[in-house]
Amino acid sequence: MVNAQTAELQIFLDVATEAALTGGAILQAFTGKLEQIQEKGRPGDLVTEADKAAEAAILEIIRRHFPSHAILAEESGRSGDEGDWLWAIDPLDGTTNYAHQYPAYCCSIGLLVKGIPQVGVIFDPFRQELFRAATGLGATCNRRSIRVSQTEHLRQSLLVTGFAYDRHQTPDNNYAEFCHFTHLTQGVRRSGSAALDLAYVACGRLDGFWERGLSPWDMVAGVVLVLESGGEVTAYDRSSFVLESGRILATNGRIHQEISQELLQVKPLVDSSHLPSLKT
Ligand code: IPD
Ligand code: CA
Ligand code: CA
């Protein structure tokens, strides 16, 4: 029996899918043909005409279906009225990879209902992988059900993380954490796409992901995917996840406590003031 809430989430999921597939197709159409790669404020924080074109097409679809919903999108900011629904959209997560034609990027479309992540679609147009999830409806990749990994211990795990664009300006740059877990696990990857990192935790390719300095559009869709595939999402100290904090710990659940404990024990390894700054 499909209740009204489930039916509504299914509609949101289908529109998010249409938006992600459309955005992804635009990204693919621009590959190898980019003419405008610009820094937008922080060193290394890039934007291209593909980010903008994909975002415009995604917003047109969301607005056409749900004119009363609010939208928070990376390139155009917040629009729409305050209400129960807020779409969190990253038209191109992994812009640095994309600009270098390194194939690790995606389109990420999430929906918060009354502040809670409820719908997530992440589309990797290079691999043609479509990750979808909605609260209570499960998680899929290319329409097949996905689950998190069964890895029990950190020493058997493969993790992933990333480094925010403010890493040149803050000692809270995640370098010590990266070294710490590199010694404790089978490896730590740095893909350059937080949304794909979360999708890969959801489907069991990776066992855990932590990062700081993220924005809501990087995380909302992936959070729904990890939770619906049986994983766990919290703050570093295993307290409730707070989207606005920019910090996330997402795992298969089994290694969550171990990672959380280690994260709280990490001591700064490097004095960042000795590191070179980015050449302009
Ligand atoms: C970035 C990616 C990256 C993460 C950065 C994000 P963008 O998003 O998700 O993996 O480390 O913090 O800002 O700029 O490619 O959309
Ligand atoms: Ca992003
Ligand atoms: Ca982006």
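Residues numbered from 1 in each chain as written. Chains lettered and ligands numbered in written order. Predicted model: local features only at pLDDT ≥ 70, side-chain atom pairs only at ≥ 80, totals over all residues. Heavy atoms only, no water.

For the rest of this paragraph, the subject is the coordination of the calcium ion (ligand 3). Note on the calcium ion (ligand 3): its protein donors are Glu-74 (OE), Asp-90 (OD), Asp-90 (OD) and Leu-92 (O). The metal-donor distances range over 2.2 to 3.1 Å. Here the donor residues of the calcium ion (ligand 3) share one chain and are spaced in sequence as E-x15-D-x1-L. A separation of 3.7 Å is found between the calcium ion (ligand 3) and the calcium ion (ligand 2), which share Asp-90 as a coordinating residue. Note that Glu-74 is positioned in the loop between β3 (70–73) and β4 (77–79) and Leu-92 in strand β5 (residues 85–93), a separation of 18 residues in sequence. (Donors = N, O, S within 2.8 Å, 3.2 Å for Na, K, Ca; no water. Helix = DSSP H or I, 4+ residues; strand = E, 2+ residues; numbered from the N terminus.)

Running from N to C, helix α5 (residues 194–202) and helix α6 (residues 216–228) point in directions that differ by 0 degrees, and their axes come no closer than 8 Å. Here α6 runs roughly parallel to α5, going by the angle between their axes. From α5, Ala-194, Ala-195, Leu-198, Ala-199, Val-201 and Ala-202 reach across to α6, where they touch Asp-218, Met-219, Gly-222, Val-223, Leu-225 and Val-226. Partitioning the contact of α5 with α6 into residue classes produces ten nonpolar, one polar and one charged. (Axes fitted to C-alpha atoms, helices over the stretch in contact; angles between N-to-C directions. Parallel < 35°, antiparallel > 145°, perpendicular 65-115°, else oblique. Contact = heavy atoms within 4.5 Å. Nonpolar A, V, L, I, M, F, W, Y, C, P; charged D, E, K, R; others polar.)

With respect to the element layout, Ala-57 can be found in helix α2 (residues 49–65). Among all residues touching Ala-57, those that are not within four sequence positions of it are Thr-22 and Ile-26.

Let us look at the coordination of the calcium ion (ligand 2). At 2.1 to 2.2 Å from the calcium ion (ligand 2) lie its protein donor atoms, namely Asp-90 (OD), Asp-93 (OD) and Asp-218 (OD). Mapped onto the sequence, the donors of the calcium ion (ligand 2) take the spacing D-x2-D-x124-D. A relative accessible area of 1% means that Asp-90 is categorised as buried. Look at Asp-93 and you get buried, because its relative accessible area is 6%. (Buried < 20%, exposed > 50% of the residue type's maximum accessible area, 1.4 Å probe, protein only.)

All right, on to unusual backbone geometry then. The backbone of Gln-101 sits at a positive phi, close to 60 degrees, despite the residue not being glycine. Among the secondary structure elements, Gln-101 is positioned in the loop between α3 (95–99) and β6 (106–113). Its identity is not glycine, yet Asn-142 carries a phi of approximately 50 degrees, on the positive side. If you trace the backbone, Asn-142 turns up in the loop between β9 (138–141) and β10 (144–145).

With that settled, the discussion passes to the sheet that holds strand β14 (residues 232–234). Each strand in a sheet pairs with its neighbour through backbone hydrogen bonds, running either in the same direction (parallel) or in the opposite one (antiparallel). Spatially, the five strands line up as an open sheet ordered β12-β11-β13-β15-β14, and their pairing is mixed. Two strands bound the open sheet, and with one partner strand each, they are β12 (187–189) and β14. When the angles between neighbouring strand axes are averaged without regard to direction, this sheet yields 20 degrees. Looking at chain direction, strand β11 (residues 158–160) and strand β13 (residues 208–211) are connected through two bridges and run parallel. (Pairing = 2+ DSSP bridges.)

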